[in-house]
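# Summary of the model geometry
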Amino acid sequence: MLAVILSGGSGTRLWPLSREAYPKQFLPVVSDDSLLAETIDRGLALDETARVLAITNEDHRFVVAAQLQAQAKGRTAGIILEPVGRNTAPAIALAALAAAEENPEELLLVMPSDHVLRDLAAFRAAVAVGAAAANSGKLVTFGIVPNAPHTGYGYIKAGAELGGCNEVAAFVEKPDEATAQRYLVEGDYFWNSGMFLFRADRYLEELQAHNPAMLDACRAAWGEKQADLDFVRVGRKAFEDCPDDSIDYAVMEKTRDAVVVPLDAGWSDVGSWSALWEIQPQDEHGNVCRGDVITEDVTGSYIHSEGRLIAALGISDHVIVETDDVVLVADRSRVQEVKKLVAKVKERGRMEHRFHKKVHRPWGTYEGIAMGERFQVKRITVNPGASLSLQKHHHRAEHWVVVKGTATVNRGEETLLLTEDQSTYIPLGVTHRLVNPGVIPLELIEVQTGSYLGEDDIVRFEDTYNRV
């Protein structure tokens with residue numbers, strides 16, 4: 001079985017904790033592990049031969065690679081990069097084409113990377129039921145047994161019973177409150193989990209039957225694939241021409257072979273701050289408090305501090321989230337509208353929708369400390385053995401002070417070795433590179449000065465990570 005993990009996302013649902021460049025699947029929002037790490041573990045725990053294949057994009061590729069390397073311990077089938085987002089149906093088609101090269105009948109367990117599942121035993125049991133149906137040629141989806149009349153999910157209506165699963169009678173759009181209540185009472189409706197299980201060849205057959213243009217575009221893109229470090233890049237133009245559609249609309253709602261397996265495993269798509277409040281342990285006042293939080297006369301609220309003390313008094317049913325650059329205060333019943341705030345941040349030309357103050361790069365991280373007219377200060381951490389690109393800047397000079405570890409600095413024709421408390425200066429226009437030759441993280445303070453300090457003022461000559 002191949003666990004296919006879909007890792008995209010815009011970072012708006014749990015903003016400001018999640019950002020466009022670092023969406024919720026990379027965050028430890030319910031445990032010490034990220035949602036992506038938990039999803040990888042779920043896939044590998046199915047049996048000792050299971051492998052993981054991730055589908056992601058250019059911006060997230062190195063974060064996915066790092067977490068996959070840490071969790072999968074060699075049991076990987078690779079990472080496919082989508083040049084542009086084209087929804088779930090084409091992404092899964094790429095995974096099916098990859099699997100079919102080795103074994104057309106390989107089972108693909110498709111899982112979004114940002115869901116929570118509490119009961120792994122129940123999940124494994126449901127997958128076993130689904131595997132039997134998938135091996136016989138069925139296309140399996142997993143329907144979450146509802147515990148409330150939720151209006152934020154699509155539903156699946158179950159039909160005739162088929163050996164532990166049911167035929168899919170219908171896929172239903174998100175209902176209103178009264179309809180959702182009726183679904184709950186009738187008992188044969190399930191939340192649409194967005195998880196699927198089928199043979200690679202059967203998915204490709206159904207895609208050919210119901211959306212041949214999509215399959216043709218995916219085949220063309222896959223035919224132009226190229227290896228790049230740990231990634232597989234598919235043909236950009238062919239994939240850009242691919243129709244944009246979800247697997248539900250492109251295949252599952254049209255096939256005659258769709259079945260649903262009921263799943264009652266403590267599932268959540270963590271689709272909002274209120275959803276996160278629902279699945280976390282609450283205190284005697286119905287509050288979920290994480291980080292440095294003090295409350296008085298507060299009920300039914302989610303309060304999350306990343307650093308500073310949050311002191312809350314006399315509020316009910318609120319969400320308060322503090323990061324190092326944003327504080328969100330919202331009515332818990334309206335957190336689905338957070339995306340409106342994110343849109344306003346974008347409209348004003350700010351960057352808090354896209355990046356945290358700490359920005360992740362394949363070589364480590366950098367974090368903004370201070371900024372003013374013609375200068376900014378950053379804290380840079382370079383992983384052991386990693387290096388930045390050989391580069392130069394047209395508009396800024398840089399001053400580096402090593403505070404931990406050892407740095408090798410290429411500056412023009414010079415090579416310098418710097419240790420703690422030593423520094424160097426990189427003049428404007430001089431080619432340079434920073435390398436950590438040691439076995440511990442290198443930390444340094446960088447002071448940039450110049451007329452323009454944007455991240456796009458970089459001319460790269462050589463790069464370990466093939467960035468342009």
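Here we summarise the structure given alongside this text. (Residues numbered from 1 in each chain as written. Predicted model: local features only at pLDDT ≥ 70, side-chain atom pairs only at ≥ 80, totals over all residues. Heavy atoms only, no water.)

## Structural notes on the overall build of the protein
Rules: Counting from the N terminus, the helices are the DSSP runs of H or I reaching at least four residues and the strands are the DSSP runs of E reaching at least two. For the radius of gyration, the atom set is restricted to C-alpha positions; the globular benchmark scales as 2.2 Å times the number of residues to the power 0.38. Between buried and exposed lies partly exposed: a residue is buried under 20% and exposed over 50% of the maximum accessible area for its type, with that area taken using a 1.4 Å probe on protein chains only. The contact rule is simple, with two residues in contact once any of their heavy atoms fall within 4.5 Å. Per-residue and other accessible areas were derived by the Shrake-Rupley procedure at a 1.4 Å probe size, with only the shown protein chains allowed to occlude residues. The positive count covers Lys and Arg only, the negative count covers Asp and Glu only, and His and the chain ends enter neither. Taken as the charge location is NZ of Lys, CZ of Arg, CG of Asp or CD of Glu.
Looking only at helices and strands, one finds eleven helices and 30 strands in the protein. By the compact-globule yardstick of 23 Å for 468 residues, the protein fits well, its C-alpha radius of gyration being 24 Å. C-alpha extents for the protein along the principal axes are approximately 75 × 60 × 40 Å. By the burial criterion, 51% of the 468 residues in the protein qualify as buried. Counting contacts in the protein only where the partners sit at least 6 residues apart, residues at least 24 apart contribute 68% of the total. Carbon together with sulfur atoms contributes 49% to the accessible area of the protein, which is approximately 20800 Å² in total. If you average the places of the 48 positive and of the 68 negative side-chain charges in the protein, the two averages end up 4 Å apart.

## Digging into helix 1 (residues 35-44)
With respect to burial, helix 1 is a largely interior element, nine of its ten residues being buried. In the core, the buried residues of helix 1 are packed alongside strand 1 (2-6), strand 2 (51-57), helix 2 (61-72), strand 4 (107-112), strand 5 (116-117) and helix 4 (120-135).

## A short note on the environment of V403
Within the element layout of this structure, V403 appears in strand 24 (residues 396-404). The sequence separation of V403 and L453 amounts to 50 residues, and the corresponding C-alpha distance is 23 Å. The residues touching V403, leaving out its near neighbours within four places in the chain, are E420, E443, L444 and I445.

## Some remarks on the sheet that holds strand 20 (residues 358-361)
Let me state the cut-off plainly: Pairing between strands requires that DSSP locate at least two bridges from one strand to the other. For helices, the axis comes from a line fit to the C-alpha atoms of the stretch in contact; other axes are also lines fit to C-alpha atoms, and the angle between any two N-to-C directions lies between 0 and 180 degrees.
Read across the sheet, six strands follow the order 20-21-22-29-24-27 without closing on themselves; strand pairing throughout is antiparallel. Each end of this open sheet is capped by a strand with a single partner; those strands are strand 20 and strand 27 (423-426). Across this sheet, the average inter-strand angle for adjacent strands is 20 degrees, counted without regard to direction.

## Observations concerning the environment of P83
Of note, P83 is situated in the loop between strand 3 (76-82) and helix 3 (88-100). Considered as a pair, P83 and E240 are 157 residues apart in the sequence and their alpha carbons are 7.6 Å apart. If we skip the residues at most four places from it in the chain, P83 touches V234, G235, R236 and F239.

## Concerning the packing of helix 3 against helix 7 (residues 212-223)
Going by this rule: Put simply, angles under 35 degrees are roughly parallel, angles over 145 are roughly antiparallel, angles from 65 to 115 are roughly perpendicular, and the rest are oblique. A clockwise turn of the near helix away from the far one marks a right-handed crossing, whereas an anticlockwise turn of less than a right angle marks a left-handed crossing. Residues are sorted three ways: Asp, Glu, Lys and Arg are charged, Ala, Val, Leu, Ile, Met, Phe, Trp, Tyr, Cys and Pro are nonpolar, and all the rest, Gly among them, are polar.
At a minimum axis distance of 10 Å, the contact between helix 3 and helix 7 shows a crossing angle of 55 degrees. Between helix 3 and helix 7, the interaxial angle falls into the category oblique. Judged by the twist between their axes, the crossing of helix 3 over helix 7 is right-handed. The segment helix 3 lies against helix 7, with A89, P90, A93, L94, L97 and A98 engaging M214, C218, R219 and W222. In terms of residue class, the contact of helix 3 with helix 7 is built from nine nonpolar, no polar and one charged.

## Concerning the sheet that holds strand 18 (residues 318-322)
If you walk across this open sheet you meet the four strands as 14-16-18-19, and the pairing is mixed. Strands with a single pairing partner mark the edges of an open sheet, and in this sheet they are strand 14 (288-290) and strand 19 (327-331). Along the sheet, successive strands turn relative to each other by an average axial angle of 5 degrees, direction set aside. Judged from the four bridges that link them, strand 16 (residues 302-305) and strand 18 form a sheet pairing that is parallel. Directly across from H304, in strand 18, lies its bridge partner V321.

## Digging into the side chain of S301
The cut-off we apply is this: The definition of a polar contact used here is a pair of N or O atoms within 3.5 Å, where within protein one atom must be able to donate a hydrogen and the other to accept one, and adjacent residues in sequence count solely through side-chain atom pairs.
Note on placement: S301 falls in the loop between strand 15 (293-296) and strand 16. Engagement of the side chain of S301 in a polar contact is seen with the backbone oxygen of T299, the distance being 3.0 Å. Residues within four places of S301 in sequence aside, it is in contact with W277, G286, N287, V288, I315, S316, D317 and H318.

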